[in-house]
Amino acid sequence: MGAFGRNHARVYQQLQQAGSVRLVGVVDPDTARADAIAREFGCKSFGSVEQMLTTHSEVQAASVAVPTVLHREVARALMEAGVDVLIEKPVAATLGEADELLRVALEHKRVAQVGHLERFNPAVRATLPLINRPMFFEVHRLSVFSPRALDVDVVLDLMIHDLDVVLTFVKSEVKEIRAVGLPILSGKVDIANVRIEFESGCVANFTASRVSTERVRKLRFFQAGQYISVDYARQDVLVCSVGSAVGAAHSFATDANEWGTRPSVNPQIQMAKPPITAEEPLLAEIKAFLRSVRDRSRPAVSLEDGRKALELGLAILAEIGRHAGRIAVGKG
Ligand SMILES: NC(=O)c1ccc[n+]([C@@H]2O[C@H](COP(=O)([O-])OP(=O)(O)OC[C@H]3O[C@@H](n4cnc5c(N)ncnc54)[C@H](O)[C@@H]3O)[C@@H](O)[C@H]2O)c1
C-alpha cells in the first residue's frame, strides 16, 4: 500500500462499486498505512500476505505493488496459495527471479500479468493498428525527483515502460545497445540515454530521467511516409502522412543510393488525430487482468513479456556500467 499500491486499491474499489469484484483487503507491514487505506476504501487491512490468506482463503486475485526487490517473494507466496497475480513492473529485479515466477505460475496454473501500464494507455492502443514498419524512434520520459522506487535504477523504474512499448511495436531482435547513465541524486542511475539498433534496422533512442525539472512522456517514430507522435500523458496521437503523390518518393528504398535521386515535389502533408476515448490506463489494465482471471486466458502482458523488457533493461544497465568503466579508464 505504498504510493502505487493505493492506486490499485482505489481502482478495485471502483470496480467493486460497479459490482464486478469484491475488494477483500489491503496488505502492508506498515500497519498504520494499511489501516488508513483500508478505512479509505472500506475493506480490511492485514500486516502480511500470510495473515490475509489465513483468514480469507477465498481470495482469488491480487495486485503486487511492493518494492521490485520483493516482487518474487510476495508474488510467489500468493501463487503458491492459488491466487492469480498482477505484478507491478519491472516483473522482478533479476532474470533468475523472473524465471522463478514463470516456473511457479506454470506449476500452480496461475494467471500472472505484469503491470506494463502504458500498453493500456488509449494513445498506445490507438497507435497499434497504425504500425507498419517503424524505422526510427525518439522517446522521452522525464519526471521530477521523488524519493520512491529508489531500489532500482531509472532504466528499470521508468524507461522499462518505453522498452516494453517499443518491443511491442518493433517485433525484432535487439542487435546493438549503446548507453550512458549517471547517478545524480540517488546513488543509482537517475538519468540515462540509450540507442538501440534492431535486427530490422530500426533505431530507437530513449531518454529517461527521474531528476528532471519537467514532466514529459512522449514517444515519436517514423515509418514509410509517416511520422507518428504519441503523448502518453495527454493520451493523444498525431499522425503526419505524406500525400500519396509524394509518398512514393519518400518510401523506403531497398537501394540506399535511391535516396535523393528522386525529384522532390511540394510535400502534401496530412495531419490526423485518431479518435481516442480517454480511460485511466490502470483501470483498463486491472479490467484486462480480471478478464484473464475469469476466463483463464493468457494475460495481455504476460510474464514472458515482462521478462523480455527486464532482460533488455538489464542489458542496458550492463552497457551503462561498461561506459562508466571506459570513462574511469580514460580519466586514469
Ligand atoms: N506502473 C507504474 O506506472 C508504476 C508506478 C509507480 C510504481 N510502480 C511499481 O510499483 C511498485 C511499488 O512502487 P511504489 O512507488 O508504490 O513503492 P513504495 O515504496 O511507495 O511502496 C511499497 C510498499 O510496499 C510495502 N511492503 C514492503 N514489503 C511488503 C510485503 N512483504 N508485503 C506487503 N507490502 C509490503 C511497503 O511498506 C510500502 O508501503 C514497484 O515495483 C514500482 O516499480 C509502478
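Preceding this section is the structure that the text describes.
What counts, and where the lines are drawn
Residues numbered from 1 in each chain as written. Predicted model: local features only at pLDDT ≥ 70, side-chain atom pairs only at ≥ 80, totals over all residues. Heavy atoms only, no water. Helix = DSSP H or I, 4+ residues; strand = E, 2+ residues; numbered from the N terminus. Rg over C-alpha atoms; globule rule 2.2 N^0.38 Å. Buried < 20%, exposed > 50% of the residue type's maximum accessible area, 1.4 Å probe, protein only. Contact = heavy atoms within 4.5 Å. Areas by Shrake-Rupley, 256 points an atom, 1.4 Å probe, with all protein chains shown as cover. Lys, Arg positive; Asp, Glu negative; His and termini not counted. Charge placed at Lys NZ, Arg CZ, Asp CG, Glu CD. Axes fitted to C-alpha atoms, helices over the stretch in contact; angles between N-to-C directions. Parallel < 35°, antiparallel > 145°, perpendicular 65-115°, else oblique. Left-handed = near helix turned anticlockwise from the far one by under 90°. Nonpolar A, V, L, I, M, F, W, Y, C, P; charged D, E, K, R; others polar. Near = heavy atom within 4 Å. Polar contact = N/O pair within 3.5 Å; in protein donor to acceptor, adjacent residues only side chain to side chain. Salt bridge = Lys/Arg side-chain N within 4 Å of Asp/Glu carboxyl O. Arc of directions from axis to C-beta. Core = buried A, V, L, I, M, F, W, Y, C linked by side-chain atoms within 4.5 Å. Phe/Tyr/Trp six-rings, centres within 6.5 Å; stacked < 30°, edge-to-face > 60°. Lys NZ or Arg CZ within 6 Å of the ring centre and 35° of its normal.

Draft legend 1. Inspection of the overall build of the protein chain at higher detail. Per the secondary structure count, the protein chain includes ten helices and 13 strands. For the protein chain, whose C-alpha radius of gyration is 22 Å, the value lies close to the compact-globule estimate of 20 Å for 332 residues. On the principal axes, the C-alpha backbone points of the protein chain span a range of 75 × 55 × 40 Å. Out of the 332 residues belonging to the protein chain, those deemed buried represent 47%. Residue pairs in contact within the protein chain that sit at least 24 positions apart in sequence constitute 68% of those at least 6 positions apart. A total accessible area of about 16100 Å² is found for the protein chain, and carbon and sulfur atoms account for 53% of it. For the protein chain, the separation between the mean place of its 40 positive charges and that of its 39 negative charges on side chains is 3 Å.

Draft legend 2. Region of the structure containing the packing of helix 1 (residues 3-17) against helix 9 (residues 281-295). Viewed as axis vectors pointing N to C, helix 1 and helix 9 meet at an angle of 65 degrees, and their least axial separation amounts to 10 Å. Considering the angle they form, helix 1 stands roughly perpendicular to helix 9. Considering how the two elements wind past one another, helix 1 and helix 9 form a crossing that is right-handed. Counted together, Phe4, Asn7, His8, Val11, Tyr12, Gln14 and Leu15 of helix 1 and Leu282, Leu283, Glu285, Ile286, Lys287, Phe289 and Leu290 of helix 9 form the full contact between these two elements. Classifying every residue of the contact of helix 1 with helix 9 by side-chain character gives nine nonpolar, three polar and two charged.

Draft legend 3. Spotlight on the site of the ligand. Among the 21 residues in the neighbourhood of the ligand, the closest are listed as Phe4, Asp28, His71, Lys89 and Arg148. Interatomic distance of 2.8 Å between a backbone N/O atom of Phe4 and an oxygen atom of the ligand. Protein chains bury 80% of the 860 Å² of accessible surface belonging to the ligand in isolation. Secondary structure elements with two or more residues in the shell around the ligand: helix 1 and helix 4 (71-80).

Draft legend 4. Representation of the environment of Ser45 within the structure. By the secondary structure assignment, Ser45 is in strand 2 (residues 44-46). Measuring from C-alpha to C-alpha, the distance between Ser45 and Val24 comes to 8.7 Å, with 21 residues separating the pair along the chain. Ignoring sequence-local partners within four residues, the contact set of Ser45 consists of Val26, Ala34, Asp35 and Ala38. Polar side-chain contacts of Ser45 include one of 2.4 Å to the side chain of Asp35.

Draft legend 5. Quick peek at the pattern of salt bridges. Using the criterion set out here, one finds 26 salt bridges in the structure. Here Arg22 ties to Glu58 by a salt bridge, and the two come within 3.1 Å at their closest N and O atoms. Here Arg22, found in the loop between helix 1 and strand 1 (25-27), pairs with Glu58, found in the loop between helix 3 (49-55) and strand 3 (61-64); they are 36 residues apart in sequence, far enough to count as distant. Under the relative-accessibility criterion, Arg22 is labelled exposed at 54%. Residues Glu304 and Arg298 are paired through a salt bridge, measuring 3.7 Å at the closest nitrogen-oxygen approach. Accessibility expressed as a relative area gives 40% for Glu304, which makes it partly exposed. Bridged by salt links that share partners, the residues Arg72, Arg76, Glu80 and Glu100 form one connected network.

Draft legend 6. Summary view of helix 2 (residues 31-41). Taken as a whole, helix 2 has its buried residues at Ala34, Ile37, Ala38 and Phe41. Projected down its long axis, helix 2 shows its buried positions confined to an angular sector of 105 degrees, all on one face. Opposite the buried face of helix 2, by more than 90 degrees, sit the exposed residues Ala32 and Arg39. Of the surrounding secondary structure, the elements contacted by the buried residues of helix 2 are helix 1, strand 1 and strand 2. Where helix 2 ends, the next residue or the one after it, Gly42, has phi of about 65 degrees, a positive value.

Draft legend 7. Quick look at the nonpolar core. Membership of the largest hydrophobic core comes to 69 residues, with the highest contact counts inside it found for Leu78, Phe137, Leu219 and Ile316. Broken down by element, this core gets its largest block of residues, twelve residues, from helix 7 (residues 154-170). The contact partners of Leu219, leaving out residues within four places of it in the chain, are Phe137, Glu138, Val139, Val165, Val166, Phe169, Ile228, Ser229, Val230 and Tyr232. By size, the runner-up hydrophobic cluster in this structure holds 21 residues, among which are Tyr12, Leu23, Ala34 and Ala38.

Draft legend 8. Fine view of the packing of aromatic side chains. This structure, assessed with the given rule, holds five aromatic pairs. A centroid spacing of 4.9 Å and a plane angle of 40 degrees characterise the contact between Phe222 and Tyr227, whose relative ring orientation is tilted. In this structure, Arg141 is placed above the aromatic ring of Tyr232, and the distance from its NZ or CZ to the ring centre is 4.7 Å.

Draft legend 9. Geometry of unusual backbone geometry. At the junction of Lys89 and Pro90, the peptide bond is cis and its omega measures out at -15 degrees in the coordinates. Locating Pro90 in the fold gives a position in the loop between strand 4 (84-88) and helix 5 (95-107). Positive phi values are uncommon outside glycine, yet Lys109 reaches one of about 50 degrees. Inspection of the secondary structure assignment puts Lys109 in the loop between helix 5 and strand 5 (112-115).

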